[in-house]
Amino acid sequence: THPIELSPTLTVGMILLGNTMTLLNYDSDTQRHRVRASDGKCKVWGKPAKIIRAKYKTADGKTHNSILSASGYNGLCRHFHYVPDIVNLFLYCSPSGFSH
């Protein structure tokens, strides 16, 4: 075995960062769902939501419409919700160390 001991400070820091990332993920998803549910007629971070109306075609040839949020977290980067997920994955795996 290769025991790894994390200091209490590092442990608490990792837990706090992980919880913050989880909250950011939920908030990002909530923003996106609110924009779609209101057809873009809502405010995001105190400003009117910016949207992109997109059309796409499925394999069966049918055309569909979608609303993409271009404000709030999704205005910072497309698929923002992946950022907290990736940070959390790192936090879950890093206590096992990097030397094995």
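Residues numbered from 1 in each chain as written. Predicted model: local features only at pLDDT ≥ 70, side-chain atom pairs only at ≥ 80, totals over all residues. Heavy atoms only, no water.

Caption draft 1: A look at the nonpolar core. Of all hydrophobic cores here, the largest spans five residues; its members are Val35, Cys42, Val44, Ala49 and Ile67. Not counting the four nearest positions on each side in its chain, valine 44 is found in contact with Gln31, Val35, Ala49, Ser71 and Gly72. (Core = buried A, V, L, I, M, F, W, Y, C linked by side-chain atoms within 4.5 Å. Buried < 20%, exposed > 50% of the residue type's maximum accessible area, 1.4 Å probe, protein only. Contact = heavy atoms within 4.5 Å.)

Caption draft 2: Inspection of the confidence of the model for the protein chain at higher detail. Per-residue pLDDT for the protein chain has a mean of 90; in total, 98% of the residues score no lower than 70. Within the protein chain, the element-level pLDDT minimum falls on helix α2 (residues 73-76), averaging 89, and the maximum on strand β1 (residues 43-44), averaging 95. (pLDDT = per-residue confidence, 0-100. Helix = DSSP H or I, 4+ residues; strand = E, 2+ residues; numbered from the N terminus.)

Caption draft 3: Representation of the pattern of salt bridges. Applying the stated rule across the entire model yields three salt bridges. A salt bridge links lysine 41 to aspartate 39, with the nearest nitrogen and oxygen atoms 3.3 Å apart. Judged by relative accessible area, lysine 41 falls into the exposed class, the value being 66%. One salt bridge in this structure joins arginine 53 and aspartate 39, with 3.1 Å as the shortest N-O distance. Here arginine 53, found in strand β3 (residues 51-57), pairs with aspartate 39, found in the loop between α1 (8-37) and β1; they are 14 residues apart in sequence, far enough to count as distant. Given the relative accessible area of 30%, aspartate 39 is considered partly exposed. (Salt bridge = Lys/Arg side-chain N within 4 Å of Asp/Glu carboxyl O.)

Caption draft 4: The arrangement of the packing of aromatic side chains in detail. Counted by the stated rule, this structure contains two aromatic pairs. With centroids separated by 5.0 Å and ring planes inclined at 80 degrees, the aromatic side chains of tryptophan 45 and tyrosine 73 adopt a geometry described as edge-to-face. Separated by 28 residues along the polypeptide, tryptophan 45 in the loop between β1 and β2 (47-48) and tyrosine 73 in helix α2 bring together distant segments of the chain. Exposure remark for tyrosine 73: the relative accessible area of 10% places this residue in the buried category. (Phe/Tyr/Trp six-rings, centres within 6.5 Å; stacked < 30°, edge-to-face > 60°.)

Caption draft 5: Here's a closer look at unusual backbone geometry. Of note in the backbone geometry, tryptophan 45 takes a positive phi value of approximately 55 degrees without being a glycine. Positive phi, normally seen in glycine, also occurs at histidine 79, with a value near 60 degrees. Position of histidine 79 relative to the elements: it lies in the loop between α2 and α3 (82-93).

Caption draft 6: Main features of the pairing of β3. Relative to strand β4 (residues 63-69), β3 runs antiparallel, the two sharing seven bridges. By the bridge assignment for β4, tyrosine 56 is matched with histidine 64. Linking β3 to β4, which pair antiparallel, is a turn of five residues; within it glycine 61 sits at a positive phi near 90 degrees. (Pairing = 2+ DSSP bridges.)

Caption draft 7: Local environment of α1. Taking 1.5 Å per residue, 30 residues should reach 44 Å; α1 reaches 43 Å between its end C-alpha atoms and fits that length. Residues of α1 that are buried: Met14, Gly18, Met21, Asn25, Ser28, Gln31, Arg32 and Val35. Looking at the buried residues of α1, the elements they touch are β1, β3, β4, α2 and α3. Residue aspartate 39 follows α1 closely and has a positive phi angle near 60 degrees. (Expected span 1.5 Å × (residues − 1).)

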